[in-house]
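Residue-level structural notes
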Amino acid sequence: MKDWNSRYLDADTPWDKGAATPVISELMGKLPQFFQSGSKVLIPGCGRGHDAQPFLKAAMQVTGADVSKEAITDATEIYGKSDNMRWITDDIFSMPDEHLRHYDIVWEHTCYCAILPEQRENYVDSIATLLKPNAYFIGTFFIETGVPIEDGPPFFTSRDDVFQNFERKFHLVWEGKPSTSYEGREGREWVMIWRKPITG
Ligand SMILES: C[S@@+](CC[C@H](N)C(=O)[O-])C[C@H]1O[C@@H](n2cnc3c(N)ncnc32)[C@H](O)[C@@H]1O
């Protein structure tokens, strides 16, 4: 499997649609209670950073994190940085201490299906350490990848796989199929909103 940085260097990034997924705006309109202005938002595996834009426009403080230096260089060039927008080259599994219990929202979109399936439990644990108690993990999961699990990324997942992994550490507060999608992903995504327990 080619490493992520090489994929950006080679412009081998078919997942990149050049704009934020429309699911974010749909959710902000439909479920505004989960998207308070001023929230600190982390986007793990942010790639070129498109998804940060709707959160910034909604007056949130956004951190885009990616293990690929090249992706973060591209994101910074395309969107710039500001007091409310920072880009960091970091591995979601070993984030610096300053990020622990720091975020009100973690926005997941095609990071869960990008990591190896055997890392999923670790991913859930890592996300839980980054959120404040009572904060939300909001994810659009690419559940019908059309690729056998051994041929990922994207590594095949399903609503039940995500449910089993996250229910260990979070409470499910909302789920459903988005009515918007990138072209070609219609009907192949599933949204879940999980709350970290107050004692977590
Ligand atoms: C399929 S891409 C999706 C990028 C972005 N979410 C988008 O939709 O354009 C997966 C991203 O996750 C990043 N990634 C993979 N493993 C990671 C890790 N352990 N920590 C942080 N980022 C990671 C990759 O570098 C890549 O940018």
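The present account deals with the structure reproduced in this document. Every value quoted in this text rests on a predicted model; they were computed, and no experiment measured them.

Calculation notes
- Residues numbered from 1 in each chain as written.
- Predicted model: local features only at pLDDT ≥ 70, side-chain atom pairs only at ≥ 80, totals over all residues.
- Heavy atoms only, no water.
- Helix = DSSP H or I, 4+ residues; strand = E, 2+ residues; numbered from the N terminus.
- Rg over C-alpha atoms; globule rule 2.2 N^0.38 Å.
- Phe/Tyr/Trp six-rings, centres within 6.5 Å; stacked < 30°, edge-to-face > 60°.
- Buried < 20%, exposed > 50% of the residue type's maximum accessible area, 1.4 Å probe, protein only.
- Near = heavy atom within 4 Å.
- Polar contact = N/O pair within 3.5 Å; in protein donor to acceptor, adjacent residues only side chain to side chain.
- Areas by Shrake-Rupley, 256 points an atom, 1.4 Å probe, with all protein chains shown as cover.
- Nonpolar A, V, L, I, M, F, W, Y, C, P; charged D, E, K, R; others polar.
- Pairing = 2+ DSSP bridges.
- Axes fitted to C-alpha atoms, helices over the stretch in contact; angles between N-to-C directions.
- Salt bridge = Lys/Arg side-chain N within 4 Å of Asp/Glu carboxyl O.

Helix and strand counts for the protein chain come out as six helices and seven strands. Put simply, the protein chain runs from its N terminus to its C terminus through helices and strands in the order α-α-β-α-β-α-β-β-α-β-α-β-β. Taken over the C-alpha trace, the protein chain has a radius of gyration of 16 Å; the compact-globule value for 200 residues is 16 Å, and the two agree within 12%. Taken along its principal axes, the extent of the C-alpha atoms in the protein chain is 40 × 40 × 35 Å.

Moving on: the packing of aromatic side chains. Going through the model one piece at a time under the given rule, you end up with 16 aromatic pairs. With centroids separated by 5.9 Å and ring planes inclined at 65 degrees, the aromatic side chains of Y112 and Y123 adopt a geometry described as edge-to-face. You can see Y112 sitting in the loop between β4 (103-109) and α5 (120-130) and its partner Y123 sitting in helix α5, a full eleven residues away along the chain. The class of Y112 is buried, set by a relative accessible area of 1%. Here a set of aromatic residues connected by ring pairs shows up, and it is made of Y112, Y123, F137, F141, F163, F166, F170 and W194.

Turning to the site of the ligand, a few remarks are in order. Around the ligand there are 16 residues in total, and Y8, G45, D66, I92 and H109 lie nearest to it. The separation between a nitrogen atom of the ligand and a polar main-chain atom of I92 is 2.9 Å. Protein contacts shield 94% of the accessible area of the ligand, which totals 590 Å² for the unbound molecule. The residue inventory of the shell around the ligand, partitioned by class, reads eight nonpolar, five polar and three charged.

This part covers the sheet that holds strand β5 (residues 131-142). The strand order β3-β2-β1-β4-β5-β7-β6 describes an open sheet built from seven strands, whose pairing is mixed. Where the open sheet ends on each side, the last strands, each with one partner, are β3 (85-89) and β6 (171-176). On average, each strand axis in the sheet is tilted by 20 degrees relative to the strand beside it, whichever way the strands run. Pairing between β6 and strand β7 (residues 189-195): five bridges, direction antiparallel.

Here we come to the pattern of salt bridges. In the structure shown here, the tally under the stated rule is 14 salt bridges. Here D74 ties to R48 by a salt bridge, and the two come within 3.0 Å at their closest N and O atoms. Taken together, the residues D74 in helix α4 (residues 69-79) and R48 in the loop between β1 (40-44) and α3 (52-57) connect sequence positions 26 residues apart. As far as burial versus exposure is concerned, D74 and R48 are alike and both buried. A salt bridge links D160 to R159, with the shortest nitrogen-to-oxygen separation between them at 3.0 Å.

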